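Next come the chains, spelled out residue by residue.
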Amino acid sequence: MLVEIAPLWSILLSSQKRKEALVLATLVDVKGSSYKKPGAMLLVETDGQTHGLLSGGCLEADIAEHARDVFETAVAKVLHYDLSDDSIFGLGAGCDGQITVLLQLLGGDYQPLASLNPLPTEAQSTQLWLNYQDNDSPLGAYCVAQNKQLRSNHDNWQQHVQHDSPPPLTYQVPPKVAVCGAGIDAHPLCQMMAQLHWHGLSFDHRSGLLTTEKLPPNWQTFKPKLLTEQVKQQGIDAIIIMSHNINRDADYLRQAFESDVRFIGLLGPPQRRDKVLSKAGISLNQIGDRLHAPVGLNLGGRLPENIALSICAELQQHFFKS
């Protein structure tokens, strides 16, 4: 998912601004168990500082050492690690897998990483093919597929991708969550979602609550009546209803029910849930398992932060259960 690219994005933008090169290390193949899955990325700066993880922390320093060669030669490099052999690193990591990592120099257009923009207005599902073993194309050659369009930096590699259909590295758009209600208890929920690099939208009739001081950067805000429109336009994955007003919650619930959103969360105990359903003219049988009310896993605690954690935990379970 692009959520794993989000922590690297500010590093990329900063390096672009300073016109400084980076080395991109991409986990391209895994056999057995590993801490990360194919597609995970790590950035190395010229001073050896690393950003991101390809392991539990046991390989990053070694990858940074190899990155020196890539900075000096501008030639891509492939690394193979057998994590089952503890005689090499001696860290007792407990992973028994073998992983392959591709190192390549980023500069100029900073591709292919620049194609993986994780920001709310730019993120799109992407497939990426990186050459780490085909001798007919240079190491590090890439193809990027977005919106049914294929872009590549090398003709031979593009032909290989088109004709042989090797499995791509896949980056899905981060989960997008609509929070209906922008009261004080919604603030930690929005902040926690932002820390998880999810995309969020807040809806409230009180414009004074929809301010940038109270909400995370890049957070979108709308009036309540625009919920249906935004669900259609932006592909919202979950709706959390928490305005603390039965009439307004019922209006949000009607809009959510009429959408195709599969996760609808409603704050409050079962007796309040039933009042909101009645006011909305919807039966529990009609909405079925789409409705999660009371929303949030039962983790204990009554602070807004505790509630935010419980809601994010249930959403995490829903988004990543597969």
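Per-chain numbering applies: the sequence of each chain, read as written, is numbered from 1 onward. Residue-level local features of this predicted model are given only where pLDDT is at least 70; pairs of side-chain atoms are given and counted only at 80 or more, and the full residue set underlies all totals for whole chains, interfaces and linings. The side-chain values count all of the structure's non-hydrogen atoms but skip hydrogen atoms and water molecules.

**Q** Got a minute to help me understand the overall build of the chain in this structure?
**A** A helix here means a DSSP run of H or I that spans at least four residues, while a strand means a run of E at least two residues long, and both kinds are numbered starting from the N terminus. When its secondary structure is counted, the chain shows 10 helices and 15 strands. Burial status follows relative accessibility: with a 1.4 Å probe on protein chains alone, a residue under 20% of its type maximum counts as buried, one over 50% as exposed, and anything between as partly exposed. Of all 322 residues assigned to the chain, the portion counted as buried reaches 48%. Whether two residues are in contact is decided by their heavy atoms, any of which lying within 4.5 Å being enough. If you take every contact in the chain between residues at least 6 apart in sequence, the share linking residues at least 24 apart comes to 59%. Counting every atom, the chain has about 16000 Å² of accessible surface; 47% of that belongs to carbon and sulfur. The sign given to each residue is positive for Lys and Arg and negative for Asp and Glu; His and the chain ends receive no count. Just so you know, the charge point we use is NZ for Lys, CZ for Arg, CG for Asp and CD for Glu. One finds the centroid of the 26 positive side-chain charges in the chain at a distance of 14 Å from the centroid of its 33 negative side-chain charges. Exposure was quantified through the Shrake-Rupley algorithm and a 1.4 Å probe, taking into account, for residues, occlusion by the shown protein chains and nothing else.

**Q** Can you help me understand helix α10 (residues 304-320) in this one?
**A** Three or four residues apart is the spacing at which side chains of an α-helix point the same way, because the helix has 3.6 residues per turn. An expected span of 1.5 Å times one less than the residue number is assigned to each helix. The terminal C-alpha atoms of α10, which comprises 17 residues, lie 24 Å apart, in line with the 24 Å expected from a rise of 1.5 Å per residue. Among the residues of α10, those classed as buried are Ala-308, Ser-310, Ile-311, Cys-312, Glu-314, Leu-315 and Phe-319. As for α10, its buried residues are in contact with β10 (176-180), α5 (186-195), β13 (238-241), β14 (263-266) and β15 (291-292).

**Q** Got a minute to help me understand unusual backbone geometry in this structure?
**A** For residues besides glycine, phi is generally negative; the peptide bonds are generally trans as well. Here the amide bond leading from Gln-111 into Pro-112 is cis, since omega sits at 10°, within 30 degrees of zero. As for its placement among the helices and strands, Pro-112 is situated in the loop between β5 (98-106) and β6 (126-130). The amide bond that connects Ala-293 to the next residue, Pro-294, takes the cis arrangement and shows omega of 0°. Checked against the element boundaries, Pro-294 lands in the loop between β15 and α10. Although it is not a glycine, Ser-165 sits at a positive phi angle of roughly 50°.

**Q** When you look at the environment of Gln-162 in this model, what are you seeing that I'm missing?
**A** Positionally, Gln-162 belongs in helix α4 (residues 155-164). Taking C-alpha positions, Gln-162 is 9.2 Å from Leu-150, a pair spaced 12 residues apart along the chain.

**Q** When you look at the side chain of Arg-273 in this model, what are you seeing that I'm missing?
**A** With respect to the helices, strands and loops of the structure, Arg-273 is situated in helix α8 (residues 270-280). Once residues within four sequence positions are removed from consideration, Arg-273 is found in contact with Leu-266, Leu-284, Leu-291 and Ala-293.

**Q** Would you mind showing me how to read the nonpolar core here?
**A** In summary, soluble globular proteins display a tendency toward joint burial of nonpolar side chains. Ile-5, Met-41, Leu-43, Leu-113, Leu-128 and Tyr-171 are the most contacted members of the largest nonpolar core, which totals 25 residues. Broken down by secondary-structure element, the contributors of at least two residues to this core are α1 (6-18), β1 (22-31), β2 (41-44), β5, β6, β7 (142-146) and β9 (169-171). Not counting the four nearest positions on each side in its chain, Ile-5 is found in contact with Met-41, Leu-113, Leu-116, Pro-118 and Tyr-171. Working definition of a nonpolar core: buried Ala, Val, Leu, Ile, Met, Phe, Trp, Tyr and Cys residues. They are joined through side-chain atoms within 4.5 Å.

**Q** What is the right way to look at the pairing of β13 in this model?
**A** Two faces make up the sheet, and in a regular strand the side chains alternate between them. Going residue by residue along β13, you find Ala-238 and Ile-240 tucked away on one face and Ile-239 and Ile-241 tucked away on the opposite face as well. In short, DSSP must find at least two bridges between two strands for them to pair. With 4 bridges joining them, β10 and β13 adopt parallel strand pairing. Bridge pairing in β13 links Val-179 to Ile-240. Sheet topology note: the β13/β14 ladder contains 4 bridges and is parallel. When the sheet's bridge partners are listed, Ile-241 is paired in β14 with Leu-266. For a crossover, the right-handed case is the one in which the path from the first strand over the helix to the second runs clockwise, viewed with the strands pointing away from the viewer. Crossover handedness for the path β13 to helix α7 (residues 246-258) to β14: right-handed.

**Q** Help me understand α8, please; the structure alone is not making it clear to me.
**A** Among all positions in α8, only Arg-272, Arg-273, Val-276, Leu-277 and Ala-280 are buried. For α8, the arc enclosing every buried residue in end-on projection is 140°, short of the 170-degree limit, so these residues lie on one face. Seen from the buried face of α8, the exposed residues on the opposite side, beyond 90 degrees, are Gln-271, Lys-275 and Ser-278. Summarising the contacts, the buried residues of α8 are in contact with α7, β14, α9 (284-287) and β15. Immediately downstream of α8, the backbone of Gly-281 shows phi near 75°, a positive value. Note: the arc covers the axis-to-C-beta directions of the helix.

**Q** Explain the sheet that holds β1 to me, please; I cannot follow it from the model alone.
**A** Backbone-to-backbone hydrogen bonds join strands into a sheet, with any given pair of strands oriented parallel or antiparallel. Read from one edge of the open sheet, 5 strands run β3-β2-β1-β5-β4, paired in antiparallel fashion. What marks the edges here is a single partner per strand, and that holds for β3 (50-51) and β4 (77-82). Bridge analysis of β1 against β2 gives 4 bridges, and the strand direction is antiparallel. Across the sheet, Val-23 pairs through a bridge with Val-44, a residue of β2. Note on definitions: angles span 0 to 180 degrees between N-to-C directions of axes, and those axes are lines fitted to C-alpha atoms, for helices only across the stretch in contact. Along the sheet face, α1 touches β1, β2 and β3 and points at about 35° away from the line of β2.

So far we have only geometry, and geometry alone does not tell us how the molecule works.
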